[in-house]
Structures are given as structure tokens and as C-alpha cells.
Amino acid sequence: MWKQKQRSLMDSSAPLIILLMLLMLLQLLAVMAIARVENFTRSDFPVDFIFGAGSSAFQVEGAAREDGRTPSIWDTFVYANKGLSHGASGDIACDQYHKYKEDVQHMVDTGLEAYRFSISWSRLIPDGRGRVNPKGLEYYNNLINELLMHGIQPHVTLFHFDTPQVLEDEYGGWLSRKIVNDFTAYADVCFKEFGDRVLYWTTINEGNVFAMGGYDNGIAPPGRCSFPFGLNCSKGNSITEPYIAGHNMLLAHSSAVKLYYKKHKVVTHGIEDVTTAYFIVVLPFLTVSDVFKSFFIGIDQWFWCGQNIDHFECSEKETNTFLPTNEIPSIKPLKLDNIGCQIFQDVEPLYQATQHGFVGLNIYAPWFSPYSNATEDKIATQRAIDFYIGWFLHPMVFGDYPHIIKKNAGTKIPALTPRESRLLKGSFDFIGLNHYLTLYVKDSPSSLNVNIRDIVADMGLSTLVEPEDAPENQNDDTSSSLSGILEYLRNVYANPPTYIHENGKRTERNGTLNDTSRVKYMYSYIRTLLDAIKNGSNTKGYFLWSLLDGFEPIGGYTTSFGLYYVDLDDKQLKRYPKLSAHWYSNFLKGRTIKPDEINEVVNEIFVSSTSKASDQ
């Protein structure tokens, strides 16, 4: 796992002026970086750097009601909110479930080195826990094997907005700590069944956006919100739920990472069967830790037969709340018949030690820039970074939430216990970034004066897509934003191994293969990425979003991100490569890319692309 260097820069006692100076320096570097790299080829990147494209299960698989798959919260959400997706659903999508071999061949034709996809939890484990669906297991084995057979590296995401609906109905999904155990068990199945071939695991995709979109404004599954913060939500609490969901995602992530790195064997259950009178009457003055230690020492000779007990963990049965033995002052107030414990004995790690894989977490990571030169906007920009980026990265690097989040959110954000902090700190091998653009930040202190606030109001700011007095075509080239976020990770979070998991250009889905704007976008961002690597960024890979024109959360099938156009009017859902697919292929196969050559290359490719499409 990533062991961070100790940095005093982000300590809560660090002077604000240092942060502001750093922020201004990063903005300057981001602007300067764009002009440094001109001609470049694939070989200019490090030998171990990988290029690929991505997707997610709900957005491309289809087969929503086939072979034992049960609904996820995303299925439920799109049927309840058809306006957001223009009536579209993921029932068929791109039908990759049946067409995975064809899609892998398109990856081969393009020259992709890796493919990032997600596993549908409700396809693999239809009840959310317990029984594994053999058809789901077969599909993902087939997809992984097909990729590897063609030399394409699988990068697997465990959760991409699609909690099994059965768990949402049972206990509220990510609002309950019960999901930590169920997610860990799901991860266990994936590590066991696929880990001999999958080396790169992402636990959760865009946890920050999922928490805000799903539990604050209600524009993402499960569509929970409350007035006046959300739109058309029948249930939810925008004030507290985003923080609770985010907190539980972090706990689930750290639990899965712990599982991957150190597999324990449960020796026994049954502490709940021990006579409660023994604890309360005989040892009423002892702490939980003392009681258990005394009890274990007393029975070790005849019950454990000399086995070495590594540790024990207990939780309150009704709430599934972990009870740290060193943090509860006395056993006297507790009802022992409501406490369940598991005793663990260490065994050799079953996963990482034999599979040699890596586990990380993904966040949505725009870059933030002050709307103006006002000091207030610069300070607000740092708040935006802390709320969007630091919300998830700070606990994993430093063991706690950023000070400004704890200050502004108060008791709305659950506190991390010392044990949780220990588990989270360093609980990643890499960070995945979904990066598309820069947001410009204006200070909005009045929102902090309102008593009832959601997470957006807690930030005390507003964001815009263009800066003050932006000239026309200001955002034609936005790639300097990538330099900003990568440089920030380098300076504040000790330069962790990083993958650009998503980066792409949204266009209208109009049937054309001439996606010139996407080609220019890709050229600009890949060029900027190379410059960042030359300047010391520890970025290990780049995945374009997306391989196919799939279902998009906002717009359904009216918007397009894909390298390949999918003809929805064709019963076979035929795929056609766009200009961007040809451009990416040229780059990946070693062609030199020059800045003044884009139009020439585009025009050349467009002729062959349209000719090929019309012939088939």
C-alpha cells in the first residue's frame, strides 16, 4: 500500500498564506505547461505507462433481465427519472454482454493496451450477498480471458453507481454501515474468482460525485434529496446523507483493501453465547478489553488448544456498529446479548501475496481556479479543492477529513475513530482520477450564514465553467487543468501513483463520425499529460472515456463520448470507428503527432472512416 511521506504543508496549523502561494504557483505552472510539448509519440511515455479506454457495466452491458441479473439502483433510478435520460434506460445499452468478443476486437484494431470496465454487483451476486450467479461469473471470466488473449490488460472497478436494489430496500444501501460487510464480501468473491488474472482493482468510482449526486441534489442514483436542495425527490436528507454515504464508502474501501492485503480466517463465532452474568457480576469494573483478554487467557488452554489468536472484533448486532475494545470505557452499560464477536487467527495472505495486484480508489477530479484575482476567491478555491478532492484523499493519506470540512459540516460528517483512521491511512496503491475540465470558483460566504445547509452550501462558494471576462473560445483548450490537478497531488499528497481513469469530450450524438473536436481534445490532454510526467508527475496510465457511445447519466443516448459510434437503429447495434478511434490508433501504433498536423490527419482519416462505414 502507498506509504505517504509526512508533509507539514497540509497540517491544520499551516498558515493559510502558504496554501495560497502554492495554489497560485500551481495555476501558473498549469498555464505554462500547455506550450512545452509539441511533437510527441507513444514511445515518449514511460515504458510501464499504459493507454486504454473505459466503460461501466450499466452503461454498456445491457441484458438487464437476463441470466439471473437483478435490478440495481441505477435501473430503478432511470425508470423513475426518465426526463434526465430522455426516456432511455440501460436495458439493452450497447449489448456488450453478448457482443464482448466483437468489442475486444475493436480494442485490438485500435491498439488499446488496457480496458477499464466495472462488474455489475447485482449480476454477480443477485441478492447482494451470498449466492454467486454462475452466469454472471461466466460472463466476467469470458470477458477477462478474451482481453488477456489479445494482450489487453483488464482494469476492474467494483462499484460504479449500481448498488443492488435489494440492499437499498433492505437497509438503505450506502446510508448503513451494514454495506461495509456486504461490499467486502462482494470484493472477496471478485478477488477470489478473478484475481489470478486481474491485477488492477478500483473499489469505488467517483465516490464524491456519487455521494453528492445521489444523496444531495438527487440527479444520480439512488436519487435521494430533500427540499430545497434537490429535484423531485420523495425521500432523503440532503443535509446529512452525502456525508454519511461518503463516510461509508471510505470504510468499505479500506475494508476491501485490508481484505486484499491480509486475509484472516474466522476461528469461531459465539462470544454472544457466553454467560452475561460472568461479565457483569464478577468483573463489572473492567473495560471490554480487560474482560475479553481475561476470558481468552482463562480458556485458552482447554478451548483453543494452543492456537494463536490474532485479534477479535465485536459489533452491536442491530446497528452493525464496530465496538473498539480500547474505546469503550466500561462493559457495564452494554447488553452483551446484543454483541456479536468474531475471533480471528492470522493465516497467509490469500490475495496480494500470491496475485501481486494493486487496489485503488477513484474520484471525480476537476481542477479549480479562482474566478477573479480577489483574495476571497482564492481562499474559496482552496475550499473547493478540499471538499471535492480532500474529502476522499485526505483520510486515505493523512487519516482524517480536511479541517475546513469538519469545521463547516460540524456533526453532520461522521467522525473517524482511531481504528478507522488507521485502516484508511495508506489504504491504496494508486489514485484514479476522472478529469474533464476546470471549474472557476467565486466566494459565496452568505451560504454559510444559513442554518440549514447541504454540502454545497457548506463550501461557501459557487462554481462556473468560465472565468471572469473570458474571451470568446476561452475553453477551446482546457488541458492545462490536468496539469493543475496532477501538480496538486504531487505537492500535497506526496505524488501517489495515479491513473487518469476518465478523460473525454462530450459531443451531441448526431450520427457523424467526424468528431474533430474530440481529436483536438485528446491531442491536447495527452500532450499536457506527457508534459506533467516529464515534470515529475507519478501518473501511470490514461483511459479515454469512452470506448463506445453508451448510456450517459445526463442525456441518455443523446450525448456521445465514444471512440466508436453505436447505431441504435440497427438491430445488431453495429459499431463504427470515429475519427478519434483512428487518431488514437495512429498514436498508439507509434505515429508522430505534430500540433500543426491535426487537420491534415483528421481529413485523411475521415475519408477512410466514412468510406468504411458506408461499405458495411
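In this text the structure is predicted, and so the values were computed from the model without any measurement.

### Some words on the pattern of salt bridges
Then comes step 1: This model, assessed by the stated rule, comprises 24 salt bridges.
Then comes step 2: For D91, the salt bridge goes to R65, with nearest N and O atoms at 3.0 Å. Taken together, the residues D91 in the loop between α3 (73-80) and α4 (96-110) and R65 in the loop between α2 (57-60) and α3 connect sequence positions 26 residues apart.
Then comes step 3: Each of R129, E170 and D182 takes part in salt bridges that share partners, so that together they form one network.

### Let's talk about the side chain of E206
Then comes step 1: Mapped onto the secondary structure, E206 falls in the loop between β4 (200-204) and α9 (207-215).
Then comes step 2: Among buried Asp, Glu, Lys and Arg side chains, E206 stands out as unpaired, with R116 the closest opposite charge at 7.4 Å.
Then comes step 3: Apart from residues lying up to four places away in sequence, E206 is in contact with F161, N362, I363, Y364, N434 and E502.

### Some words on the layout of surface pockets
Then comes step 1: The calculated volume of the largest pocket comes to roughly 1400 Å³.
Then comes step 2: What lines the largest pocket is a set of 43 residues, among which Y364, Y436, L437, I554 and F561 lie closest to the centre.
Then comes step 3: The element contributing the most residues to the lining of the largest pocket is helix α19 (residues 516-534), with five residues.
Then comes step 4: Residue classes in the lining of the largest pocket are distributed as 21 nonpolar, 14 polar and eight charged.

### Observations regarding unusual backbone geometry
Then comes step 1: Following P221, the chain continues into P222 via a peptide bond in cis, with omega recorded as 5 degrees.
Then comes step 2: Within the element layout of this structure, P222 appears in the loop between α9 and α10 (241-261).
Then comes step 3: Unusually for a residue other than glycine, D67 sits at a positive phi of about 55 degrees.
Then comes step 4: With respect to the secondary-structure elements, D67 resides in the loop between α2 and α3.
Then comes step 5: Phi is positive for N495, which is not a glycine, with a value near 55 degrees.
Then comes step 6: When its relative accessible area of 17% is taken as the criterion, N495 is described as buried.

### Observations regarding the nonpolar core
Then comes step 1: In terms of nonpolar packing, the biggest core is built from 139 residues, with W174, F183, F194, W201, Y584 and F587 touching the most fellow members.
Then comes step 2: With eleven residues, the top contributor of residues to this core is helix α14 (residues 375-398).

### Let's talk about the environment of D95
Then comes step 1: By the secondary structure assignment, D95 is in the loop between α3 and α4.
Then comes step 2: Counting along the chain gives 36 residues from D95 to Q59, while the straight-line C-alpha distance between them is 9.4 Å.
Then comes step 3: Not counting residues within four places of it along the chain, the set of residues in contact with D95 comprises V60, E61, L573 and R575.

### Here we look at the pairing of strand β14 (residues 498-502)
Then comes step 1: With five of its five residues buried, β14 lies for the most part within the structure.
Then comes step 2: As judged from the four bridges shared by strand β11 (residues 430-434) and β14, these two strands associate in the parallel manner. Its bridge partner lying in β14, I431 is registered against T498.
Then comes step 3: Two strands pair when backbone bridges link them, and β14 and strand β16 (residues 539-544) are joined in this way by three bridges, in the parallel orientation. By the bridge assignment, I500 is partnered in β16 with Y542.

### Let's talk about the packing of α14 against helix α18 (residues 480-492)
Then comes step 1: The contact between α14 and α18 brings their axes to 12 Å, and the two run at 45 degrees. On the basis of the axis angle, α14 is oblique to α18. As α14 packs across α18, the resulting crossing turns out to be right-handed. Along its contact with α14, which presents Q382, I385, D386, I389, L393 and F398, the element α18 presents I485, Y488, L489 and V492.
Then comes step 2: Within the contact of α14 with α18, the residues separate by chemical class into eight nonpolar, one polar and one charged.

Parameters and conventions
Residues numbered from 1 in each chain as written. Predicted model: local features only at pLDDT ≥ 70, side-chain atom pairs only at ≥ 80, totals over all residues. Heavy atoms only, no water. Salt bridge = Lys/Arg side-chain N within 4 Å of Asp/Glu carboxyl O. Helix = DSSP H or I, 4+ residues; strand = E, 2+ residues; numbered from the N terminus. Buried < 20%, exposed > 50% of the residue type's maximum accessible area, 1.4 Å probe, protein only. Lys, Arg positive; Asp, Glu negative; His and termini not counted. Contact = heavy atoms within 4.5 Å. 1 Å grid on protein atoms, 1.4 Å probe; cavity = no way out; pocket = protein on both sides within 12 Å on 5 of 7 lines; lining within 4 Å. Points joined across faces, edges and corners; volume = space filled by probe spheres on them. Nonpolar A, V, L, I, M, F, W, Y, C, P; charged D, E, K, R; others polar. Core = buried A, V, L, I, M, F, W, Y, C linked by side-chain atoms within 4.5 Å. Pairing = 2+ DSSP bridges. Axes fitted to C-alpha atoms, helices over the stretch in contact; angles between N-to-C directions. Parallel < 35°, antiparallel > 145°, perpendicular 65-115°, else oblique. Left-handed = near helix turned anticlockwise from the far one by under 90°.

From the geometry alone we can't say anything about function, so treat these as descriptive.
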